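A closer look at the structure
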Amino acid sequence: SQQGEEDPQALSIQEGENATMNCSYKTSINNLQWYRQNSGRGLVHLILIRSNEREKHSGRLRVTLDTSKKSSSLLITASRAADTASYFCATDLPTQGGSEKLVFGKGTKLTVNP
Amino acid sequence: IAGITQAPTSQILAAGRRMTLRCTQDMRHNAMYWYRQDLGLGLRLIHYSNTAGTTGKGEVPDGYSVSRANTDDFPLTLASAVPSQTSVYFCATSPQWGQEFGSPLHFGNGTRLTVT
């Protein structure tokens, strides 16, 4: 079963607006990552946040993590048409032997209209 | 250019045929992964390898096999393809194994496979 679930499934905004995507997960984690996928391409890593961190920034990206609610959000400020893509959260899946795998959610499809 | 090469980029395959999807990396990353991506289901892990000589099963390993004879290559084999294996297959790598410390994945551009 999926560890992470993004919300909303699809989001359409105008250029210049902010875009917020949410991710909820089920079990405790060590870290959470966000990825971007342009149509027909592989995923590209955007940002990683560890379980002891609450917020991280990278350029126009801001990620928050609330481990008590088992949720994370990705905010893209001042969006551009080039931000149009699908965005995925991914979490590690701790087991007794360690955390070997990264499990992805189903993604949010973001469309930024010029 | 450093990165991950997947081949073929697309393939139409008759059910029952054997097929090997190739993945080669030149970044000397330890860990390699195979994911399949299906509409509405996101990415699901098929098999992974922490280092050359070792492999492990992911969420959906049935019908697939892998090998990791060296650091650079991680082929995925469908022994007898079925229509439910129609999907886009992504190979990925990370510098180190063990996701508890957060090792970002690097992805190839995928193989689009259709089984008829």
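Now for a look at the structure at hand. (Residues numbered from 1 in each chain as written. Chains lettered and ligands numbered in written order. Predicted model: local features only at pLDDT ≥ 70, side-chain atom pairs only at ≥ 80, totals over all residues. Heavy atoms only, no water.)

**Some remarks on the side chain of Glu6(A)**
Residue and element names in this part refer to chain A. Spelled out, the test is: The way it works is that DSSP assigns letters per residue, a run of H or I at least four long becomes a helix, a run of E at least two long becomes a strand, and they are numbered from the N terminus. The term polar contact refers here to a pair of N or O atoms within 3.5 Å; inside protein, the definition further demands a hydrogen-donor-capable atom paired with an acceptor-capable atom, and it admits residues adjacent in sequence only when both atoms are side-chain atoms. It only takes one pair of heavy atoms within 4.5 Å for two residues to be counted as in contact.
Within the secondary structure, Glu6 sits in strand 1 (residues 4-7). A polar contact is formed between the side chain of Glu6 and the backbone nitrogen of Cys89, at a distance of 2.6 Å. At 2.7 Å, the side chain of Glu6 and the backbone nitrogen of Gly107 are in polar contact. Beyond its immediate chain neighbours, meaning those up to four positions away, Glu6 contacts Asn22, Cys23, Trp34, Tyr87, Phe88, Cys89, Gly105, Lys106, Gly107 and Thr108.

**Overview of the nonpolar core**
Soluble, globular proteins show a tendency: their nonpolar side chains are buried together. Cut-off, in case you're wondering: Remark: nonpolar core denotes a set of buried residues (Ala, Val, Leu, Ile, Met, Phe, Trp, Tyr, Cys) joined through side-chain atoms within 4.5 Å. Only protein chains enter the accessibility calculation, which uses a 1.4 Å probe; a residue is then buried when its area is under 20% of its type maximum, exposed when over 50%, and partly exposed in between.
In this structure, Met21(A), Leu32(A), Trp34(A), Leu74(A), Ile76(A), Tyr87(A) and Leu110(A) are the most contacted members of the largest nonpolar core, which totals 20 residues. Secondary-structure elements contributing two or more residues to this core are strand 3 (19-25), strand 4 (31-37), strand 5 (43-50), strand 7 (61-66), strand 8 (71-76), strand 9 (85-92) and strand 11 (108-113) of chain A. Considering each element in turn, this core owes the most residues, four residues, to strand 3 of chain A. Met19(B), Leu21(B), Cys23(B) and Leu78(B) belong to the second-largest nonpolar core, a separate cluster that totals 18 residues.

**As for the sheet that holds strand 1 of chain A**
Sheets are built from strands paired through backbone hydrogen bonds, the pairs being either parallel or antiparallel. Residue and element names in this part refer to chain A. Here is the rule we go by: Strands are treated as partners if at least two bridges between them are detected by DSSP. All axes are obtained by fitting lines to C-alpha atoms, using only the stretch in contact for helices, and the reported angles, taken between N-to-C directions, cover 0 to 180 degrees.
If you trace the five strands from one edge of the open sheet to the other, you get 1-3-8-7-6, paired in antiparallel fashion. Two strands in the sheet have a free side with no partner beyond their single neighbour: strand 1 and strand 6 (55-58). On average, each strand axis in the sheet is inclined to that of its neighbour by 15°, with strand direction left out of account. Pairing of strand 3 with strand 8, which is carried by six bridges, proceeds in the antiparallel orientation. When the sheet's bridge partners are listed, Ala19 is paired in strand 8 with Ile76.

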